[in-house]
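An overview of the molecular structure
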Amino acid sequence: MQSTDIRQPDYFHKVVDCQWACPAHTPVPEYIRLIAAGRHADAYMVNWKSNVFPGVLGRTCDRPCEPACRRGRVEESSGHTPEPVAICRLKRVAADNKGDVAERMPKPAGKKNGKRVACVGAGPASLTVARDLAPLGYEVVVFDGEAKAGGFIRSQIPRFRLPESVIDEEVGYCLDLGAEFRSGQRIESMRALLAEGYDAVFVGCGAPRGRDLQLPGRSEAAGHIHIGIDWLASVSFGHVTAVGERVIVLGGGNTAMDCCRSARRLGGKEVTVVVRSGFEEMKASPWEKEDAQHEGIPIRNYLVPLAFLHRDGRLTGMRFQHVRPEIDANGRRQLLPSGEPDVEIGCDEVLIAVGQENAFPWIEQDLGIEFDRWGLPKLDERTHQSTLPTVFFGGDAAFGPKNIIWAVAHGHEAAVSIDKLLSGEDISERPLPATVMISQKMGIHEWSYDNDITNAARNKVPWAPAEITLNSISTEVELGFDPVLAFKEAERCLNCDVQTVFTLNKCIECDACVDICPMDCISFVGNGEESELRQRLTAPALNLTQDLYVADGLKTGRAMVKDEDLCLHCGLCAERCPTGAWDMQKFLLEMTHAGPGCRSGLRAAA
């Protein structure tokens, strides 16, 4: 294997698994250390620069960072139950305890640059575009049919999960940077919008249409059957304040979980979730399913809806067919009738949450914007540019329903594209992130970070009493970590951004680092092809998704090989090394957003 070039930005970025997995690449260990130090405002601003909505995401994020957390892998290899650091809930700690950060926010541009950008929809993707471009002098206008900005953050997420005050605050930070919000103005024609002379248009209107189920009895009982996302919006805006005592929720995603928990609070005494698939295959996040079950809501699996039952125009129940999973000859999984008798479940109302789809009837077909067979726009996945060069898409409107953090990431990328396009640059040339390596050495064998590895289990987030929360649609269920619990949870972080950096010409091959390493992740061996080299290490490197750190050319002809998968970043190798060949260096990565840093001419001049 060739020696590792640690100057490449992605090398150590991939080692910081949580940051690598985050679509917005938030520097997770950095803000966790700040929280542990009680520097909540600093931690909030680190988050705000990357993910825009720390308070919102600290309550609602789909947490792609947590399954990637190295803590879970280390505990699993030690025979313990794998429990990643509660990264998402620590983000909320920063938001809840930050104090007043208004003065730390960027200021609106003093002078406009003459370029106009329209954002369709005021959801997280559009607000990210507005936040990134408005301070640069762009005249950004955000259109939305609702009275307040926020999009699906405001209309679809129940208040018992996300208080409106948090939405108001963080949406306000975006709009206060100089964007104009035109409330109550739903765009009905892309042609008309383009005719207003905008230099670029960003479409971030979400996936506004919920899928329906056209089954026998649907039209006869229509008054008691509701599309889940529309029903949640009606609840959010106060148009729906009660529900029948017996409620069936169809679907296994996060929207279904929000529907069933909301119905439970609005008077539903028998709320049942029914899913076609198995429990483990449900699209809802594991914690969303756990929260529903914690509130006494049963989830019934492998039932396919057949009909809505009704009497004299009143819904009385639903009929379902039992199915079982089977793998066919081509390896495809299918659901087949199990042969059991159909089952009937009584109900007064049904909430359909079986998926969402885009709806673009307002985009005329002859404008040059092409769509695929699923009704999604044909886009360059990196630049978010459509087949009409001045029109960009992001969030659920781009690639279908995902989480808020994905919408934020799309907004950042689209803002870079728009900035480069309107600066006369090639938008396919994407800016590299900025990286810095800083030694953490203090004295000879001391570090400026806490490298003690605690064996503490993941801390549970306190909940408000069920007798209070289940009787209120707006009382927040999770109370969040207090500073003491936050410190304990932050201490579980392994500081994966503090890297073990090896200097070849300082090594005397004493193997002291090999002896001291608690994970046997360092080896001094003869070089070879990666597949066989992985097998010859002190501990075989079995996780092929993690790199080997290789430094070839030692005096004995051997190579130093470290398995990044096993490393705890504890610093014992550097403490033991008599020559300083090992050093602990903090790796900071900052994504390049719209602005001078993303423009090739200015970067070259700098």
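Residues numbered from 1 in each chain as written. Predicted model: local features only at pLDDT ≥ 70, side-chain atom pairs only at ≥ 80, totals over all residues. Heavy atoms only, no water.

Enumeration over the complete set of coordinates arrives at 53 salt bridges. A salt bridge links K378 to E370, with the shortest nitrogen-to-oxygen separation between them at 3.8 Å. A relative accessible area of 41% places K378 in the partly exposed class. Judged by relative accessible area, which is 40%, E370 ranks as partly exposed. One connected set of salt bridges, linked through shared partners, spans D17, R70, R73 and D565. (Salt bridge = Lys/Arg side-chain N within 4 Å of Asp/Glu carboxyl O. Buried < 20%, exposed > 50% of the residue type's maximum accessible area, 1.4 Å probe, protein only.)

So, on to the packing of helix α8 (residues 87-97) against helix α19 (residues 483-490). Two numbers describe how α8 lies on α19: the axes approach to 10 Å, and their chain directions differ by 145°. The interaxial crossing formed by α8 with α19 has left-handed handedness. Taken together, the residues of α19 that come into contact with α8 (itself represented by L90, V93 and N97) are P483, A486, E489 and A490. A per-class count over the contact of α8 with α19 returns 5 nonpolar, 1 polar and 1 charged. (Axes fitted to C-alpha atoms, helices over the stretch in contact; angles between N-to-C directions. Helix = DSSP H or I, 4+ residues; strand = E, 2+ residues; numbered from the N terminus. Left-handed = near helix turned anticlockwise from the far one by under 90°. Contact = heavy atoms within 4.5 Å. Nonpolar A, V, L, I, M, F, W, Y, C, P; charged D, E, K, R; others polar.)

Spatially, β17-β22-β18 is the arrangement adopted by the 3 strands of the open sheet, whose pairing is antiparallel. Where the open sheet ends on each side, the last strands, each with one partner, are β17 (434-439) and β18 (498-502). The sheet shows a mean angle of 40° between the axes of neighbouring strands, direction not considered. In this sheet, strand β22 (residues 582-590) lies alongside β17 in antiparallel orientation, the contact comprising 6 bridges. Within β22, the residue paired with I438 across the bridge is K586. (Pairing = 2+ DSSP bridges.)

This brings us to the packing of aromatic side chains. Using the criterion set out here, one finds 10 aromatic pairs in the structure. Ring plane angle 90° and centroid distance 5.8 Å describe the contact between F360 and F393, whose orientation is recorded as edge-to-face. Of the two residues, F360 sits in the loop between β15 (356-357) and β16 (391-393) while F393 sits in strand β16, which places them 33 residues apart along the sequence. On the accessibility criterion, F360 (12% relative accessible area) is buried. Ring pairs connect the aromatic residues Y11, F12, Y549 and F587, which therefore count as one cluster. Lying over the aromatic face of W287, R63 brings its terminal NZ or CZ to 3.9 Å of the ring centre. In this arrangement the basic side chain of K402 is found over the ring face of W406, its NZ or CZ atom lying 4.2 Å from the centre. (Phe/Tyr/Trp six-rings, centres within 6.5 Å; stacked < 30°, edge-to-face > 60°. Lys NZ or Arg CZ within 6 Å of the ring centre and 35° of its normal.)

On to the side chain of D497. Mapped onto the elements of the fold, D497 is located in the loop between α19 and β18. When neighbours within four sequence positions are excluded, D497 is seen to be in contact with V16, P29, E30, R33, Q585, K586 and F587.

Bringing the sheet that holds strand β1 (residues 116-120) into the picture now. Ordered in space as β3-β2-β1-β4-β16, the 5 strands form an open sheet in which the pairing is parallel. Pairing within the sheet leaves two strands with one partner each, and these edge strands are β3 (180-182) and β16. Each adjacent strand pair in this sheet contributes to an overall mean axis angle of 20°, direction not counted. Pairing geometry for β1 and strand β2 (residues 139-143), over 5 bridges, is parallel. Of the residues in β2, the one forming a bridge with V117 is V140. Sitting on the sheet, helix α9 (residues 124-133) is in contact with β1, β2 and β4 (200-203), with an inclination near 160° to β1.

What follows concerns α8. Most of α8 sits inside the fold, with 9 of its 11 residues counted as buried. Of the positions making up α8, those classed as buried are I87, C88, R89, L90, K91, R92, V93, A94 and A95. Packing partners of the buried residues in α8 comprise α2 (17-21), α3 (28-36), α4 (40-51), α5 (54-60), α6 (65-68) and α19. Within two residues after α8, G99 carries a phi angle of roughly 75°, on the positive side.

So, about the pairing of strand β20 (residues 548-552). Counting buried positions along β20 yields 4 of 5 residues, so the element is predominantly enclosed. In this structure, β20 lies alongside strand β21 (residues 559-563), joined through 5 bridges in antiparallel fashion. Note that in β21 the partner of V550 across the bridge is V561. Between the antiparallel neighbours β20 and β21 lie 6 residues, among them G553 with a positive phi of about 110°.

On to unusual backbone geometry, then. In terms of backbone geometry, most residues other than glycine have negative phi values and most peptide bonds are trans. Backbone geometry places V52, a non-glycine residue, at a positive phi of 70°. By secondary structure assignment, the location of V52 is in the loop between α4 and α5. You can call V52 buried: its relative accessible area is 0%. Of note, H384 is a non-glycine position whose phi angle comes to about 70°, a positive value. Considering the arrangement of structural elements, one finds H384 in the loop between β15 and β16. A residue is classified by how much of its surface remains accessible, and H384, at 2% relative accessible area, is buried.

Bringing the confidence of the model for the protein into the picture now. Counting all residues, the mean pLDDT for the protein is 93, and 98% of those residues have values of 70 or more. In the predicted structure, residues 602-606 sits below a pLDDT of 50 and forms 6 contacts with residues beyond four places in sequence or in another chain. (pLDDT = per-residue confidence, 0-100.)

Before going further, it helps to examine the side chain of K562. Turning to its location among the elements, K562 is positioned in strand β21. The exposure class assigned to K562 is buried, which follows from its relative accessible area of 1%. With residues near it in sequence (within four places) discarded, K562 still touches T500, C521, I522, D547, L548, Y549, C567 and W582.

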